[in-house]
Amino acid sequence: MADLKASLTRIFVAWKTRRFLKEFNERPVSFPVPASTVKNVLVILPRQVEHVDAAMALVRQLRNYYTEWHYMVLDMDKIMKDKLNRLDLPNDQFIEELSKNKFDFSLDLNSHFDIRIAYLLSMLKIEYRLHFLPAAEKYYNIIVQMNMDNSHFKNFDFVVNSLKTIFVKKGQ
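What counts and how
Residues numbered from 1 in each chain as written. Predicted model: local features only at pLDDT ≥ 70, side-chain atom pairs only at ≥ 80, totals over all residues. Heavy atoms only, no water. Phe/Tyr/Trp six-rings, centres within 6.5 Å; stacked < 30°, edge-to-face > 60°. Helix = DSSP H or I, 4+ residues; strand = E, 2+ residues; numbered from the N terminus. Buried < 20%, exposed > 50% of the residue type's maximum accessible area, 1.4 Å probe, protein only. Lys NZ or Arg CZ within 6 Å of the ring centre and 35° of its normal. Core = buried A, V, L, I, M, F, W, Y, C linked by side-chain atoms within 4.5 Å. Contact = heavy atoms within 4.5 Å.

Describing the packing of aromatic side chains
Alright, step 1. Tallied over the entire structure, the rule returns 13 aromatic pairs.
Alright, step 2. Ring centres of Phe 113 and Tyr 139 lie 5.7 Å apart, and the angle between their planes is 35°; this geometry places the pair in the tilted category. Of this pair, Phe 113 sits in the loop between strand 4 (105–108) and helix 4 (115–123) while Tyr 139 sits in the loop between strand 5 (128–131) and strand 6 (142–143), placing them 26 residues apart in sequence.
Alright, step 3. For Phe 113, a relative accessible area of 34% translates into the label partly exposed.
Alright, step 4. The exposure class of Tyr 139 is buried, given its relative accessible area of 7%.
Alright, step 5. Connected via pairs of aromatic rings, a cluster forms that spans Tyr 65, Tyr 66, Trp 69, Tyr 71, Phe 105, Tyr 128 and Phe 167.
Alright, step 6. Seen from the ring of Tyr 65, Lys 164 lies directly overhead, with NZ or CZ sitting 4.6 Å from the centre.
Alright, step 7. Geometry around Tyr 65 places Lys 169 over its ring, the cationic atom sitting 4.3 Å from the centre.

Following this line, the structure appears as structure tokens:
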């Protein structure tokens with residue numbers, strides 16, 4: 001039964017996100033991007049509990065460097081059941097509430113692809129979507145490769161360093 005639900009979820013997500021993905025994936029993204037084009041950032045915490053502290057340290061580093069950005073941190077595992085649909089995807093009401101923030105950039109800090117997160121970011125129509133896996137390329141337009149050999153990385157310094165070359169501050 002779980003396999004059937006997972007299959008239905010993948011089909012539903014592909015169907016619901018097709019327009020957004022077609023529109024956004026046809027738009028060329030040229031790098032570097034002026035940091036000033038980003039106003040609101042959605043950070044998706046890692047589902048691996050042992051990486052949450054490092055993720056919060058990353059958010060603090062980003063706040064110190066990109067001071068003009070506004071940040072929202074989301075833990076997918078803490079979304080209330082009434083905010084999810086039958087397929088355990090964020091429901092339309094929850095997506096509508098989040099969309100009021102008009103996110104320009106999303107930072108998915110999970111080391112594995114999660115269809116629920118990809119669905120949410122697509123439905124929010126976020127311009128710049130970052131992930132660590134090239135396999136997630138359909139849903140994300142910025143891929144920052146992490147060292148998969150070190151599954152228990154202690155920090156996200158590689159993300160900060162990459163972002164500084166992707167989102168460039170004026171005069172740098």
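What to know about the nonpolar core
Alright, step 1. Tyr 66, Trp 69, Phe 105, Leu 107, Leu 163 and Phe 167 are the most contacted members of the largest nonpolar core, which has 30 residues in total.
Alright, step 2. Elements supplying a minimum of two residues to this core: strand 2 (40–44), helix 2 (52–65), strand 4, strand 5 and helix 5 (157–166).
Alright, step 3. Tallying contributions element by element places helix 2 first for this core, with six residues.
Alright, step 4. Among all residues touching Leu 163, those that are not within four sequence positions of it are Leu 62, Tyr 66, Phe 105, Leu 107 and Leu 130.
Alright, step 5. Of all hydrophobic cores here, the second largest spans 27 residues; its members include Ile 79, Leu 98, Tyr 119 and Tyr 140.

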